[in-house]
Amino acid sequence: MNKSVIFAFVLSLIAIAWLATGNITGPNSVHAQEQSAEQPVQNEHSRTGESQADENKRFTVRVTQSEAREIDDVVFLNGDIEAYRDVEIRAELDGRITQVFFEKGQRVRKGEAILTIDLGDLEARLARAKADLKARESDVKATQSLKSKNLSSENQYQQDLANLAAAQAEVKEIQVQIANATVRAPFPGIINDLPAELGDYASKGSHVATLVDDSRIKIVVEVPQQHIAKLKIGMPMEAELLNGGHYRGEIVYLSSRANNTTRTFTVEALANRPQGAVYFGQSADIEIVLGQEWAHKLSPSTLDLDTEGNLQVKVLNNDQVEAHTVTIVRSERDGVWLKGLPRVAKVITTGQGFVISGQKVKGVPEQKFTLGETEKPGSDGVAMGESEDNPEQEPNS
């Protein structure tokens, strides 16, 4: 009986333990299955939330849509306005100045006498040379007559011809010297300088007058080496003086060698002379149209420098920052024209200094902001440089 009681008691304990185990694990197992079924949905919502959080944490920049336009590729330089010709007239023989017909600043026509130099003994020498010439002409005629009668040799005849030629040359030389005693204007213009005075002694080769040809205007400019290959003879060039004078000409000369110091090339253009007085030697703003270029007009604040010191502009492409090296085509008061960007670009206007190429950012249109203003709570965007989960972050300018 004791063994039966013990056996029954053990079976009772085992049954109670089994029943207890079923009550505890059964409901929990059902709950675990329900949790297992709901887990993929919760994971999906979790991943979506994390993705949204990552996007909200992105650095926010302001952007503007820009479209390229075809404009003139213009280079602006500093140059000078010069006369078409500027000549120093020099004396061609020695002698004292006997007459001066003009004063400085007066206009002369081509061939007009400016001054005369004393002839000295030139007239007497000319008379003697002419007499000697007549004698040589007579000798030739006599020798020719005797030669026809076989009374003179051929050598004598040739000698007389040589003497005649020498006499003719002497007469011509003296006549040229007499003509050079009168200094005449080689072209029409203005006497800009007249250092010779009445009674002065002029040596051969000395400066007696300066004549300026103002019939046309010469525009002279030094062009940097990066532009010289784009220039051609006949291209237009415009010059504007400080007093508002404006000249337009065509390029007539391109230097083939650069200045050793400045590495620039001399370029000259000729323009028609306007009505009224023209004062040469003035500085001028030169404008040369090199061709056509596609360019964006942007604020200078959008420009940045890369690690090599080149100008660049950062744009947004599918929320990713791209840096493009650019070149300034033209500068104006309200912006600069840049080439090197795509035809249509979403340019980062604020915050470009805080992002790098390849970085994922959040772009907000520029027109949504007023300078110094941040987004109100509940709006679609945020202030530049802020993230939605950290509204206290200071905006970057």
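A brief look at the structure comes next. Please read these numbers as outputs of a predicted model, since none were measured by experiment.

## Things to note about the sheet that holds strand E5 (residues 113-117)
Phase 1 of the analysis: The strand order across the open sheet built from 4 strands is E6-E5-E3-E8, with neighbouring strands paired in antiparallel fashion. The sheet is open, and its two borders are formed by strand E6 (182-184) and strand E8 (201-202), each paired with just one other strand.
Phase 2 of the analysis: Bridge count between strand E3 (residues 95-100) and E8: 2 bridges; the pairing is antiparallel. Of the residues in E8, the one forming a bridge with Arg96 is Tyr201.

## Digging into the pairing of strand E19 (residues 344-350)
Phase 1 of the analysis: Most of E19 sits out of view: 5 of its 7 residues are buried.
Phase 2 of the analysis: Where strand E1 (residues 60-67) meets E19, 6 bridges bridge the pair, whose relative direction is antiparallel. From the neighbouring strand, Arg62 faces E19, where its bridge partner is Thr350.

## Points about the packing of aromatic side chains
Phase 1 of the analysis: According to the stated counting rule, one finds 1 aromatic pair in the structure shown.
Phase 2 of the analysis: If you follow Arg85 out to its NZ or CZ, it ends over the ring of Phe187, 4.3 Å from the centre.
Phase 3 of the analysis: In this arrangement the basic side chain of Arg343 is found over the ring face of Trp294, its NZ or CZ atom lying 3.8 Å from the centre.

## A closer look at a negative patch on the surface
Phase 1 of the analysis: A surface patch of like charges, here negative, comprises Asp80, Glu82, Asp86 and Glu222.
Phase 2 of the analysis: Broken down by element, the negative patch gets its largest block of residues, 3 residues, from strand E2 (residues 69-90).
Phase 3 of the analysis: Tracing the chain through its elements places Asp80 in strand E2.

## Comments concerning the environment of Pro274
Phase 1 of the analysis: Checked against the element boundaries, Pro274 lands in the loop between strand E12 (264-272) and strand E13 (283-298).
Phase 2 of the analysis: Along the backbone, Pro274 and Tyr247 are 27 residues apart, and their C-alpha atoms lie at a distance of 8.2 Å.
Phase 3 of the analysis: If near-sequence neighbours (up to four positions away) are discounted, Pro274 is found in contact with Ile217 and Tyr247.

Rules of the game
- The residue numbers shown here count from 1 along each chain, following its written sequence.
- For a predicted model such as this one, the threshold for reporting local features is a pLDDT of at least 70, and the threshold for listing and counting side-chain atom pairs is 80 or more; totals across whole chains, interfaces and linings nevertheless cover every residue.
- Heavy atoms throughout the structure, all of them, feed into the side-chain values; hydrogens and water do not.
- Strand pairing is assigned whenever DSSP detects at least two bridges linking the two strands.
- In DSSP terms, a helix is any run of H or I states spanning at least four residues, a strand is any run of E spanning at least two, and both are numbered starting from the N terminus.
- Under the scheme applied here, a residue whose accessible area is under 20% of the maximum for its type counts as buried, over 50% as exposed, and between as partly exposed, the area being computed with a 1.4 Å probe on protein chains only.
- Aromatic pairing here means that ring centres of Phe, Tyr or Trp (its six-membered ring) are within 6.5 Å. Orientation follows from the plane angle: under 30 degrees is stacked, over 60 is edge-to-face, and everything else is tilted.
- Here, over-ring charges are defined by two tests on the NZ atom of lysine or the CZ atom of arginine: distance to the ring centre within 6 Å, and angle to the ring normal within 35 degrees.
- Residues form patches when they are more than 30% accessible in relative terms and have no salt bridge. Like charges link within 9 Å. Nonpolar side chains (Val, Leu, Ile, Met, Phe, Trp, Tyr) link within 5 Å.
- Here the open area of atoms and residues is found with the Shrake-Rupley method and a 1.4 Å probe, where only the protein chains shown may cover a residue.
- Put simply, a salt bridge is a Lys or Arg side-chain nitrogen that is within 4 Å of an Asp or Glu carboxyl oxygen.
- In this charge count, Lys and Arg are treated as positive and Asp and Glu as negative; neither His nor the chain ends contribute.
- Lysine's charge is taken at NZ, arginine's at CZ, aspartate's at CG and glutamate's at CD.
- The contact rule is simple, with two residues in contact once any of their heavy atoms fall within 4.5 Å.

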